[in-house]
Amino acid sequence: MSPLTAITGLYSQGLLYGGPVILIWSWVFTGAVTILVGLAMSELSSAFPVSGGLYFWSFMLAGKYGPVASWCVGWINLLGQIAFVAGNTYTFVEVLAAMLFLGTQDQPAGGYSPSNSMQLYMFGGLLVIYASVNTFTLKSLTHVARIGALWQVVGAFVVAVTLLFVAEKRQKWSWVLTDFEPNPASGITHPVYICLLGLLTACWSFTGYDSAAHLIEETISGDLTAGWPMLYAIMTSFTVGLLYLASLTVTIQDITTFTDPSAELATVSYVAQIMWDAFESRYSSGHASLLLMVVPLGSCWFCGLLSITSASSTVSFSFRDQLYFEPQPARRMLYGFSRDQAVPFWRIWTHVDGHSGVPVNAVWGVAAGAFVMSLPLIQGVTAFLATTSIATVGLALAYGMPIGLHLISRNSFEPGPFTLGRCSFPVGLIAFIWLMFTSIIFMLPGIYPITELTFNYAPVAIGGVLLLVVAAWVLSARFWFSGPRTEVDNSDVVKVKYWISDPPRHGL
């Protein structure tokens with residue numbers, strides 16, 4: 001989870017679709033509901049404290065339909081992860097493009113604003129850097145991850161304190177908590193529709209907290225500790241994100257800078273413009289704000305780098321026998337998916353470098369997939385919003401499926417030490433409805449009339465993948481894919497009495 005990156009990338013979505021009132025209150029509401037989702041997932045993590053998380057839970061909860069459930073969850077999660085890489089990487093490009101424009105706008109020729117094509121080249125180059133760094137040894141990446149985590153927390157406080165100190169004008173809290181912006185330029189007139197689209201900022205931010213579940217198997221008394229890591233991650237992100245979000249909103253100098261469609265920075269980065277305006281209001285020049293912009297830029301870099309790590313772990317759910325990924329919780333997805341040969345050409349993706357212990361081909365495969373998914377970005381910000389919608393919807397579906405299966409199988413479910421008791425069903429039901437609800441609203445068009453430039457291709461991407469996944473299952477995978485296999489009997493710490501066999505596989 002990276003609230004600085006997510007808010008930086010989609011602050012404009014919330015500000016245009018509803019304004020400050022949606023930015024702040026949607027964060028509070030989404031955070032509260034996400035805690036319920038985290039509670040429902042934590043109960044499953046305590047019952048099944050093994051690496052594999054969503055994928056393994058779905059298998060165990062679906063009974064005789066376990067293989068097809070785990071097959072679908074694995075592929076949906078993979079789609080969401082690759083889209084997550086694309087969205088995080090583009091956010092870095094967006095902030096860098098804004099810094100280039102603002103830093104050069106005093107030139108006689110005006111500010112340099114990279115074209116969509118140039119931004120795509122920057123995007124591709126950044127993916128190459130990310131993938132290259134991800135081929136380093138795990139010990140090196142451990143240090144990178146720790147610095148990135150510290151950067152998130154400290155960076156939010158640095159930005160908040162600096163902006164509140166520097167800004168000559170600070171908005172009244174009554175305005176921050178109540179001002180609504182209808183966004184007539186979108187072609188949408190119904191205020192409820194506007195508010196629903198504004199939820200994307202918060203929902204995009206509250207993803208990735210399932211990573212903690214992949215560490216549980218290797219902790220002492222994993223079933224006892226499984227209930228808390230996801231909740232800690234959600235609450236920490238909620239606090240850090242609210243601080244960052246509130247400090248940006250309260251230091252907006254002129255809201256029309258953003259609501260006016262003719263503003264030059266309208267398609268680049270609102271966060272950068274807020275920082276620039278705050279410094280300019282006090283010092284008559286905003287150039288010093290470029291130093292502060294390094295904070296969200298650095299956050300985007302760490303998040304993009306480590307999201308490739310996470311997604312490449314997902315792709316490699318065919319690697320066998322050894323756990324090479326040590327430092328990052330998300331990398332435990334590799335361990336849970338490593339034995340199942342569910343990805344075409346799995347032998348290629350499971351090649352592990354003997355020196356670094358990294359599945360190098362998988363890393364580059366994820367980078368290539370993110371680049372292909374980003375090709376519509378050449379059309380501009382609408383395609384970027386579609387990419388973030390794909391990531392949000394993909395991960396929401398992957399979270400929602402095991403929770404829904406738990407609701408169905410609740411009479412036979414044997415909880416672990418962390419249990420919600422009588423609250424299990426209502427909490428799970430609210431969590432499931434919320435996840436399915438967000439999956440629907442983020443596939444809706446965001447601009448009318450719908451053209452090739454404003455089309456939200458998230459439904460096409462997600463529907464196409466689901467169609468291919470189901471077709472692959474019916475035509476091939478059902479004959480050879482038996483679900484996750486474990487080589488460790490966890491019956492002493494979890495009420496699961498199964499040994500999952502590993503029959504011969506005949507897939508690619």
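Everything below is about the structure printed above this text.
Keep in mind that this is a model prediction, so the values were computed, not measured.

### Some words on the packing of helix α1 (residues 3–16) against helix α4 (residues 66–104)
A pair of packed helices is captured by two measures, namely the crossing angle of their axes and the spacing between those axes.
Right, so step 1: Between α1 and α4, the least distance of the axes is 9 Å, while the angle of their chain directions is 65°. As α1 runs across α4, the sense of the crossing is left-handed. Residues Thr 5, Thr 8 and Gly 9 of α1 pack against Asn 88, Thr 91, Glu 94 and Val 95 of α4.
Right, so step 2: Residue classes in the contact of α1 with α4 are distributed as one nonpolar, five polar and one charged.

### Quick notes on α4
Right, so step 1: Its 39 residues give α4 an end-to-end C-alpha distance of 57 Å, which sits within 8% of 57 Å, the value for a rise of 1.5 Å per residue.
Right, so step 2: The buried count for α4 comes to 34 of 39 residues, which makes it a mostly enclosed element.

### Some words on the pattern of salt bridges
Right, so step 1: Throughout the structure, instances matching the rule amount to one salt bridge.
Right, so step 2: Among the salt bridges present, the one from Glu 168 reaches Arg 282, with a minimum N-O distance of 3.8 Å. Taken together, the positions of Glu 168 in the loop between α6 (138–166) and α7 (173–178) and Arg 282 in helix α13 (residues 270–283) put the pair 114 residues apart, joining distant regions of the chain.
Right, so step 3: The class of Arg 282 is partly exposed, set by a relative accessible area of 37%.

### Looking at the environment of Ile 129
Right, so step 1: Mapping Ile 129 onto the fold places it in helix α5 (residues 116–133).
Right, so step 2: Under the relative-accessibility criterion, Ile 129 is labelled partly exposed at 43%.
Right, so step 3: As for Ile 129 and Leu 305, which are separated by 176 residues in sequence, their C-alpha atoms are 8.5 Å apart.

### Section: the nonpolar core
Right, so step 1: Grouped together as the largest cluster of nonpolar side chains are 134 residues, with contacts concentrated most on Tyr 11, Met 41, Trp 71 and Tyr 244.
Right, so step 2: Considering every element that reaches this core, the biggest residue donor is α4, with 21 residues.
Right, so step 3: Here Tyr 11 is in contact with Leu 23, Thr 201, Leu 245, Leu 248, Thr 249, Ile 252, Tyr 270, Val 271 and Ile 274, once residues within four sequence places are set aside.
Right, so step 4: By size, the runner-up hydrophobic cluster in this structure holds five residues, among which are Tyr 17, Ile 188, Tyr 193 and Ile 194.

### Examining the packing of α4 against α13
Right, so step 1: Put simply, α4 and α13 touch, their axes get as near as 9 Å, and they point 35° apart. Considering only the axes of α4 and α13, their crossing is right-handed. On the side of α4, the interface is formed by Ala 98, Leu 102 and Gly 103, while α13 contributes Ala 272, Gln 273 and Trp 276.
Right, so step 2: Here the residues of the contact of α4 with α13 are counted per class, giving four nonpolar, two polar and no charged.

Rules behind the numbers
- Residues numbered from 1 in each chain as written.
- Predicted model: local features only at pLDDT ≥ 70, side-chain atom pairs only at ≥ 80, totals over all residues.
- Heavy atoms only, no water.
- Axes fitted to C-alpha atoms, helices over the stretch in contact; angles between N-to-C directions.
- Helix = DSSP H or I, 4+ residues; strand = E, 2+ residues; numbered from the N terminus.
- Left-handed = near helix turned anticlockwise from the far one by under 90°.
- Contact = heavy atoms within 4.5 Å.
- Nonpolar A, V, L, I, M, F, W, Y, C, P; charged D, E, K, R; others polar.
- Expected span 1.5 Å × (residues − 1).
- Buried < 20%, exposed > 50% of the residue type's maximum accessible area, 1.4 Å probe, protein only.
- Salt bridge = Lys/Arg side-chain N within 4 Å of Asp/Glu carboxyl O.
- Core = buried A, V, L, I, M, F, W, Y, C linked by side-chain atoms within 4.5 Å.

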